[in-house]
Amino acid sequence: MPYDNVLEISDLSVDFVTDRGVARVVDNVGITVPAGTTVGLVGESGSGKTVTSLAVMGLLPTKVSHITGSIRICGREVVGLGEDELSNIRGADVSMVFQEPRRSLNPAFTVGHQIGEVLRRHEGLSKKAAHIRAAELLEMVGIDNAKRRASAYPHEFSGGMCQRVMLAAAMACKPRLLIADEPTTALDVTVQKEMLRLMKELQQEFDVAILFITHDLGVVAQMCDQVNVMYAGQVVESTTTDGLFDDPRHPYAEGLIEAIPDPYSKDRKLKAIAGAVPAPWDWPTSCRFNQRCRYAVPGVCDAHPVSLHATPDGGTVRCVRSDELELRGLA
Ligand SMILES: Nc1ncnc2c1ncn2[C@@H]1O[C@H](COP(=O)(O)OP(=O)(O)OP(=O)(O)O)[C@@H](O)[C@H]1O
Ligand SMILES: [Mg+2]
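Nothing here was measured: the structure is a model prediction, and the numbers come from that model. (Residues numbered from 1 in each chain as written. Chains lettered and ligands numbered in written order. Predicted model: local features only at pLDDT ≥ 70, side-chain atom pairs only at ≥ 80, totals over all residues.)

Caption draft 1: Fine view of the site of ligand 1. Neighbouring ligand 1 are 15 residues, the closest being Val 25, Ser 45, Lys 49, Thr 50 and Val 51. Of all elements in the fold, only strand S1 (5–18) and helix H1 (49–57) reach the threshold of two or more residues within the shell around ligand 1. Here the residues of the shell around ligand 1 are counted per class, giving six nonpolar, eight polar and one charged. (Near = placed C-beta within 6 Å. Helix = DSSP H or I, 4+ residues; strand = E, 2+ residues; numbered from the N terminus. Nonpolar A, V, L, I, M, F, W, Y, C, P; charged D, E, K, R; others polar.)

Caption draft 2: Main features of the domain arrangement of the chain. The domains assigned to the chain are domain 1 (5–231) and domain 2 (244–317). For domain 1 versus domain 2, the distance between C-alpha centres works out to 28 Å. Listed as interface residues are 15 residues of domain 1 and, on the opposing side, 13 residues of domain 2. Secondary structure elements with two or more residues in the side of domain 1 that touches domain 2: strand S2 (21–34), helix H9 (217–223) and strand S9 (226–231). Of the residues that constitute the side of domain 1 that touches domain 2, the class distribution is eight nonpolar, four polar and three charged. (Domains from an automatic or database assignment. Contact = placed C-beta atoms within 7 Å.)

Caption draft 3: View of the nonpolar core. With 86 residues, the main nonpolar core has Leu 7, Ile 73, Ala 168, Leu 177, Leu 211 and Val 229 as its most contacted residues. It is helix H7 (residues 159–171) that contributes the most residues to this core, nine residues altogether. Among all residues touching Leu 177, those that are not within four sequence positions of it are Val 6, Leu 7, Val 33, Ile 73, Asp 93, Val 94, Val 208, Ala 209 and Leu 211. (Core = buried A, V, L, I, M, F, W, Y, C linked by C-beta atoms within 7 Å. Buried ≥ 20, exposed ≤ 12 C-beta atoms within 10 Å, placed from the backbone.)

Caption draft 4: Main features of the pairing of strand S7 (residues 177–181). Burial runs high along S7: five of the five residues are buried. Along S7, one buried face is formed by Leu 177, Ile 179 and Asp 181 and the opposite face, lined by Leu 178 and Ala 180, is buried too. Two elements, strand S6 (residues 94–97) and S7, share four bridges in a ladder whose sense is parallel. Of the residues in S7, the one forming a bridge with Met 96 is Ile 179. Sheet analysis places S7 next to strand S8 (residues 209–214), joined by five bridges and oriented parallel. (Pairing = 2+ DSSP bridges.)

Caption draft 5: Seen up close, the sheet that holds S1. Strand order in the open sheet formed by four strands is S2-S1-S4-S5, and the pairing between neighbours is antiparallel. If you trace the sheet from one side to the other, it starts and ends with S2 and strand S5 (76–77), each paired once. As judged from the ten bridges shared by S1 and S2, these two strands associate in the antiparallel manner. Across the sheet, residue Asn 5 finds its bridge partner in S2, namely Pro 34. Seen against the sheet, H1 touches S1, S2 and strand S4 (65–73) and runs at an angle of roughly 110° to S1. (Axes fitted to C-alpha atoms, helices over the stretch in contact; angles between N-to-C directions.)

Okay, here's the thing in structure tokens:
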């Protein structure tokens, strides 16, 4: 089936069965990732970024979660597919790297075996051929002595190297889409920089699109063409990366930009948006950000649910006051 977007999520909602009843932790989310581009998904802890990406991967626990809406990967609807079909898509069309590489690698198997497993499953390679290819992939992600290191176990690698191993496994079958869930958060800044550079190189080489999940707007600026800002289970702004930084339309996006530390500022205090993302059962039915918003008007912002509307520059925003506010970006 021909497609322009490797990922099209529309009206995606995820409900979890919890001790306190059913909680809708992802609510009517829409995200599009055009082929070959990098799209950011940003938001504070608990906003629903990982749950959204696990829904795309078909990795949510089926017993306690329920998905509605549509997720199209390379033009194919995946909501409702069985585990067999999903596991054919995972690794081949879409793959993922996680925040904690050590937890995603199996300590009982060599890294070469784990990368080779993906190749044996999807490309039917023999054990020997898969091991040789795994060593080539390790070399591609910058592991020295790749042939020898393919026979090493994850505990013999640093955190940054484990993340490279994960990336090698994720890229093994040349997927069209890579989901990177905070892939550099656990790394120190120099290793983080290297990892981001490597991802960009691989993107160009393999023409893979990336859905980049992060809470770091510096990483968004460096990596992303477009960005979706998520708050309390909803996308509240969707725009180009330049659009977000120059002309944010949602007060939450403005707050995130303001919170970027400025090393040249004399004011050493870190700025933060007051308060925290409430738990899903405490999300207001009106604008979910209104209790933390400095622009909130009683009777307006806390009165009705707010839907996304188009902005003049081709993005979307979920704020009833966005047309009248003059928010500050970096420009
Ligand atoms: N298995 C689960 N059962 C119940 N609730 C869950 C489950 N997994 C996640 N949640 C809830 O869903 C909400 C969104 O979580 P999610 O992990 O997607 O946030 P996030 O945006 O990725 O945050 P972080 O930046 O901390 O990674 C949270 O309130 C979380 O507690
Ligand atoms: Mg997360």
